[in-house]
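Tertiary structure, described
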Amino acid sequence: MKLSTRGATRLQARHPWVYRSDIIEANDVPPGAIVRALDQRGKFLGTALYSSSSQIAIRMISHGSVTDLPDLVAERIRAAIAYRKELVTNTDAYRIVFSEADFLPGLIVDRYSDVLSVQILTQAMDAALVRGAVVQTLREELQPAGIVERVDARIRELEQLPPLASRLLWGEKSSTVIDMNGVRFHYDGLEGQKTGAFLDQRENYAAAAQYAHGEALDAFCYQGGFALHLAPKCSSVTGVDSSRPALEMAEKNAALNGRELEWIEGNAFDLLREYAAAHRRYDTIVLDPPAFAKTRRDLEKALGGYKELNLRAMKMLRPGGILVTCSCSFHVSGADFLEVVADAARDVHRSFRLVENRGAAKDHPMLLNVPETSYLKCLILMVSN
Ligand code: SAH
C-alpha cells in the first residue's frame, strides 16, 4: 500500500495513523487486512492494520515485517503486562493494554482484580484468530476468573462490524470487588459507563486524598471514586451526580468501606450555582465532569462550561481550601485547561497555588508525538486567601 509523502513522514515520526487521504495506491485490500506500508518510491516503512471504513485507514503495528499477527498480539500483551508490573502499585485494578500506547491499536484490556475486560475497536482486532490469541494470552499470564467483552455499539457500526452484545468471553465471573489505594469498589463488567470504573483517575484519587480536609464536595462523583478516597481525611463528604444508578453504586461502595457519605442526585451546574449564591463554603472541592468537547467544534462551548464550574467552586472554597479540577476532553489541551482555570481564578479575585499538575495514571501511558494518547488533565490547587 503506497502512502503520500505526508503519510510516510507521519509514520517515520512514529505516529501510528495514516488517514485515507494519504493513501495513494491500494488494490483490493479487504477490511481488517495486514498491509505493508510503502512510501511513494516503494520503500518499505512497516506493517499496518487496514480499516475499510475509518478515516484512519491504517494503524501501524510494527516497523518490521509481520508474518503472524496473533503471535505478535500475544507478544505485545505480554510486554504490556510486564510494563505495568514495574509501575503499578497499590491496586488490583488497572489498564493492561491501552491501544496505540501499547502498540496494539484497537485493543483495550482492563484488569479488575480477577475479572478482565476486553474492548475491540477495529476490524483487524476483531478477527477470530486475534480474539483467540487475546483470550489465551490473558488466561495464561493472569489466570482470571472471567473475561468479559464490553461492546461499544457505535464503534462497531462505524467500523462496519456486525453488532455484538457485551458478554462473558471466558470463565464464569463478570463482577467482583476491586481495591484501589486501600479503598474498595464493586465492579460489574456488564453494567456501568465506560469500562465500569475510571481507572485513569486512580493515582489522582490518592493525590487528592493527600491534601483533602474539612467539608468536601465531589461534583460529578459517578460511583464515588474521589468521594470515597476523601472520606477518611474529611469531616463530611457530599457527592453529586445526575445518574441515579451511579449513586446507587456509590452508596454500595460507601457501605463496603464502612463509610457514611451524602449523595445528591442532580445537575451539578445548577447545584454549584445555587450553593455559590447561597454562600455555602467548602474546604475541598472536586470537579470531574464528562468530556464537554466531543469534537473540535465544541471547544469554545466546552471552555465556557469549564470556566463556569471552576468559577463557582473557587468562590466557595475557604482559605487554605483545595480544588481538584479535571478535564477528560481530548480537544481541550493541557495549556487550554490551565488557561481557563486561571481565567476563573482572575474573575474571583483569589490567589491559588498550583500544587500538582497531573494526568492519567501510569497504566494509561502517553506516547510522545502521539497527542491522541493523552486526554486527562487534573490540577490540584490551593487557595491562599
Ligand atoms: N469522578 C468520577 C467520574 C466522573 S464521570 C470517578 O472518578 O469515578 C462524569 C460523571 O458526570 C458521570 O457519572 C455522569 O453521570 C455525570 N454527569 C454528567 N452530566 C452531569 C450533570 N450535568 N450534573 C451532574 N452529573 C453529571
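Residues numbered from 1 in each chain as written. Predicted model: local features only at pLDDT ≥ 70, side-chain atom pairs only at ≥ 80, totals over all residues. Heavy atoms only, no water.

What about the overall build of the protein chain?
Convention followed: Per the convention used, a helix needs a DSSP run of H or I reaching at least four residues, while a strand needs a run of E reaching at least two, with both numbered from the N terminus. For the radius of gyration, the atom set is restricted to C-alpha positions; the globular benchmark scales as 2.2 Å times the number of residues to the power 0.38. The classification of residues rests on relative accessible area computed with a 1.4 Å probe and restricted to protein chains. Under 20% of the type maximum is buried, over 50% is exposed, and intermediate values are partly exposed. Note on contacts: a residue pair is in contact if any heavy atoms of the two residues lie within 4.5 Å. Asp and Glu count as negative and Lys and Arg as positive, but His and the ends of the chain are not part of the count. Every charge is mapped to an atom, namely NZ of Lys, CZ of Arg, CG of Asp or CD of Glu.
Within the protein chain one finds 10 helices and 20 strands. By the compact-globule yardstick of 21 Å for 385 residues, the protein chain fits well, its C-alpha radius of gyration being 22 Å. Along the longest, intermediate and shortest principal axes, the C-alpha atoms of the protein chain span 65 × 45 × 35 Å. Per-residue burial for the protein chain yields a buried fraction of 55% across its 385 residues. Within the protein chain, residue pairs in contact and separated by at least 24 positions form 63% of the contacts whose partners lie at least 6 positions apart. Positive and negative charge centroids in the protein chain, built from 46 and 48 side chains respectively, lie 4 Å apart.

Structural notes on the pattern of salt bridges
This is how it is decided: Throughout this description, the term salt bridge denotes a Lys or Arg side-chain nitrogen within 4 Å of a carboxyl oxygen of Asp or Glu.
Applying the stated criterion across every chain, the model contains 22 salt bridges. Between E215 and R318 there is a salt bridge whose closest N-O contact spans 3.1 Å. Taken together, the positions of E215 in strand 14 (residues 215–219) and R318 in strand 18 (residues 317–327) put the pair 103 residues apart, joining distant regions of the chain. Under the relative-accessibility criterion, E215 is labelled partly exposed at 31%. Owing to a relative accessible area of 28%, R318 belongs among the partly exposed residues under this scheme.

Focus: the packing of helix 2 (residues 69–87) against helix 3 (residues 128–142)
Selection rule: With axes taken as lines fitted to C-alpha atoms, and helix axes fitted only over the stretch in contact, angles between N-to-C directions fall between 0 and 180 degrees. Definitions for this section: a left-handed crossing has its near helix turned counterclockwise from the far helix by less than a right angle. A right-handed crossing has that turn clockwise. Three classes are used: nonpolar for Ala, Val, Leu, Ile, Met, Phe, Trp, Tyr, Cys and Pro, charged for Asp, Glu, Lys and Arg, and polar for all others, with Gly counted as polar.
Put simply, helix 2 and helix 3 touch, their axes get as near as 9 Å, and they point 35 degrees apart. For the pair helix 2 and helix 3, the sense of crossing is right-handed. Side by side, helix 2 and helix 3 meet where L69, P70, V73, A74, I77, R78 and I81 of the first sit next to L129, V130, A133, V134, T137, L138, E141 and L142 of the second. Among the residues making up the contact of helix 2 with helix 3, the classes are represented as 12 nonpolar, 1 polar and 2 charged.

Section: the environment of A57
Mapped onto the elements, A57 comes out in strand 6 (residues 56–62). Placed 38 residues apart in sequence, A57 and Y19 show a C-alpha to C-alpha distance of 5.2 Å. Every residue in contact with A57, bar those within four places of it in the chain, is listed here: V18, Y19, R20, I23, L49, Y50 and S51.

Let's talk about unusual backbone geometry
For N90, which is not a glycine, the phi torsion comes out positive at approximately 60 degrees. Relative to the elements of secondary structure, N90 occurs in the loop between helix 2 and strand 7 (93–98). Accessibility expressed as a relative area gives 57% for N90, which makes it exposed. With a phi close to 55 degrees, Q160 is a non-glycine residue in the positive phi region.

Let's talk about the sheet that holds strand 7
Quick reminder of the rule: Here, a strand pair is defined by DSSP locating no fewer than two bridges between the strands.
If you walk across this open sheet you meet the 5 strands as 7-8-9-10-11, and the pairing is mixed. Either end of the sheet is taken by a strand with one partner, and the two such strands are strand 7 and strand 11 (167–171). Here the strands of the sheet are splayed against their neighbours by 20 degrees on average, with no regard to which way each runs. As defined by bridge partners, strand 7 adjoins strand 8 (residues 107–112) across 5 bridges and the pair is classed as antiparallel. Across the sheet, residue F98 finds its bridge partner in strand 8, namely I108. Contacts from helix 2 reach strand 7 and strand 8 within the one sheet, and its direction differs from that of strand 7 by about 140 degrees.

Description of the environment of S166
This is how the line gets drawn: Nitrogen and oxygen atoms within 3.5 Å of one another constitute a polar contact, given that in protein one can donate a hydrogen and the other can accept it, and given that sequence-neighbouring residues count only through two side-chain atoms.
Inspection of the secondary structure puts S166 in the loop between helix 4 (153–158) and strand 11. C-alpha of S166 to C-alpha of V118: the two residues are 48 residues apart in sequence and 9.8 Å apart in space. Excluding its chain neighbours within four sequence positions, the residues that come into contact with S166 are E149, R150, V151 and L190. Reaching out from S166, the side chain makes a polar contact with the backbone nitrogen of V151 at a distance of 2.9 Å.

Quick word on helix 5 (residues 202–211)
Extensive coverage of helix 5 is indicated by the burial of 7 of its 10 residues. Among all positions of helix 5, only R202, N204, Y205, A207, A208, A209 and Y211 are buried. Residues of helix 5 that are buried make contact with strand 7, strand 12 (175–180), helix 6 (225–230), strand 18, strand 19 (352–358) and strand 20 (377–383).

Remarks on the packing of aromatic side chains
What counts here: Pairing of aromatic rings covers Phe, Tyr and Trp, the last through its six-membered ring, and needs centres within 6.5 Å; plane angles under 30 degrees mean stacked, over 60 mean edge-to-face, and all others mean tilted.
Here the structure, examined in full by the defined rule, presents 8 aromatic pairs. The interplanar angle of 40 degrees and the centroid separation of 5.8 Å between the aromatic rings of F269 and F292 together place this pair among those described as tilted. Within this pair, whereas F269 is found in helix 8 (residues 268–277), its partner F292 is found in the loop between strand 17 (282–287) and helix 9 (299–316), the two being separated by 23 residues in sequence. By relative accessible area, F292 is classed as partly exposed at 22%.

Here's the deal with the side chain of S4
Summarising the element assignment, S4 is placed in the loop between strand 1 (2–3) and helix 1 (5–12). Residues in contact with S4, not counting those within four places in the same chain, are D22, I24 and Q40.

Some thoughts on helix 7 (residues 244–256)
Counted only if it meets this: How far a helix is expected to stretch is found by multiplying one less than its residue total by 1.5 Å. Here the arc refers to the set of directions running from the helix axis out to each C-beta atom.
The end-to-end C-alpha separation of helix 7 is 18 Å, in line with the 18 Å expected for 13 residues at 1.5 Å each. Buried within helix 7 are the following residues: A246, L247, M249, A250, N253 and A254. Axial view of helix 7: buried residues confined to an arc of 160 degrees, hence all on one face. What points out from helix 7, more than 90 degrees from its buried face, is the exposed set P245, K252 and A255. Among the structural elements, strand 13 (183–188), helix 6, strand 15 (236–241) and strand 16 (262–265) are those in contact with the buried residues of helix 7. With a side-chain oxygen positioned 3.1 Å from the backbone nitrogen of A246, the residue opening helix 7 is S243. G258 sits one or two positions beyond helix 7 and adopts a positive phi of about 65 degrees.

On their own, these measurements won't tell you what the molecule is for.
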